[in-house]
Amino acid sequence: MLFDIFPVQELLCHFSNVANRFISLDIRHPCYNFLHFLEYYNKVGIDGEQMQSFKRQEFLCLLQSVYSKEELAAFLRPVLNEQSGFRSFVVVNWNNARNVEELAAMTNLSTSGFTKKFRRCFRESPYRWMVRQKVECVRAEMNGGDVHLKELADKYHFASYAHFGTFCRKHYGASPRKLLNGEKEEQSR
C-alpha cells in the first residue's frame, strides 16, 4: 500500500539527505486526532477488516499531507529501502528462476517467507505475478517479429515446446506459430 500512496521514487531521492539511523516523527495535531478517533472506533467495536483498510489508506494520505517529503523519507527509510530493494531484485531477476521456489532461493528466503514478503510488496501471489510477466514478455517478443519459437520457449523456462504451445493457446487463444504469423483461432474472436 505504501507504494500506491506515496511517490516512492520521490522519497527515495531524499535518502541521500537522511542519516543512516532511525528517525521518529513528532505527532502533529491532525495525526493525534486521527489516532484518537481510531482508538474510539476500536472501543465501540468498529474495527472490521474493511474499516481497517480504509483507515490505513487515510492515515498514509494524512502523513503525506502533514509531513514534508524529507521527514517522510527519514521516517520511512527502513521500510522503503527493504521493499524497494526487494521489489527491484524481483523485477530484475524473475526470469532467471524457473518457479517461485527458485526465485525465493535467490533471495535467501524460505518459500513461505518469500511469499509473505512478496504479497506485502506486490499485493498478489508470486506465482500469479510471474505468469503475468511471462504473458506480457512472450507476447511482446512475438510481436517484435524475428523470433525463434524454440529459443523463446527455452528463454522463459517452459518444460517443453508442447507446454509453451499450451501456454500460448490458454493466454492468447492461438498456437505459437499462428501468433507469430499474426493469426488468431476462431475461439479468440
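Residues numbered from 1 in each chain as written. Predicted model: local features only at pLDDT ≥ 70, side-chain atom pairs only at ≥ 80, totals over all residues. Heavy atoms only, no water.

### Considering the environment of Arg-98
Part 1: Tracing the backbone shows Arg-98 in the loop between α5 (69-93) and α6 (100-106).
Part 2: By relative accessible area, Arg-98 is classed as exposed at 52%.
Part 3: Sequence separation between Arg-98 and Ala-159 is 61 residues; the distance between their C-alpha atoms is 9.2 Å. (Helix = DSSP H or I, 4+ residues; strand = E, 2+ residues; numbered from the N terminus. Buried < 20%, exposed > 50% of the residue type's maximum accessible area, 1.4 Å probe, protein only.)

### Describing the packing of aromatic side chains
Part 1: The full count for this structure, using the stated rule, is 13 aromatic pairs.
Part 2: Relative to Phe-59, the ring of Phe-34 lies with its centre 5.1 Å away and its plane at 25°, an arrangement referred to as stacked. One end of the pair, Phe-34, is in helix α3 (residues 29-43); the other, Phe-59, is in helix α4 (residues 49-66), and 25 residues separate them in sequence.
Part 3: One aromatic cluster in this structure is built from Phe-86, Trp-94, Phe-114, Phe-118, Phe-122, Trp-129 and Tyr-156.
Part 4: Note that Arg-87 overlies the ring of Phe-122, its terminal NZ or CZ placed 4.5 Å from the centroid. (Phe/Tyr/Trp six-rings, centres within 6.5 Å; stacked < 30°, edge-to-face > 60°. Lys NZ or Arg CZ within 6 Å of the ring centre and 35° of its normal.)

### So, unusual backbone geometry
Part 1: Even without being glycine, Arg-123 reaches a positive phi, approximately 60°.
Part 2: Within the fold, Arg-123 resides in the loop between α7 (111-122) and α8 (126-143).
Part 3: For His-157, which is not glycine, the phi dihedral falls at a positive 60°.
Part 4: Residue placement: His-157 occurs in the loop between α9 (149-155) and α10 (161-172).

### What about the side chain of Asn-93?
Part 1: By the secondary structure assignment, Asn-93 is in helix α5.
Part 2: Every residue in contact with Asn-93, bar those within four places of it in the chain, is listed here: Leu-103 and Met-106. (Contact = heavy atoms within 4.5 Å.)

### So, the pattern of salt bridges
Part 1: All told, the structure shown has six salt bridges when counted by the stated rule.
Part 2: The partner of Glu-71 in a salt bridge is Arg-28, with the nearest N and O atoms 2.6 Å apart. Taken together, the positions of Glu-71 in helix α5 and Arg-28 in the loop between α2 (8-13) and α3 put the pair 43 residues apart, joining distant regions of the chain.
Part 3: Across the pair Lys-155 and Glu-141 runs a salt bridge, and its minimum N-O distance is 2.6 Å. (Salt bridge = Lys/Arg side-chain N within 4 Å of Asp/Glu carboxyl O.)

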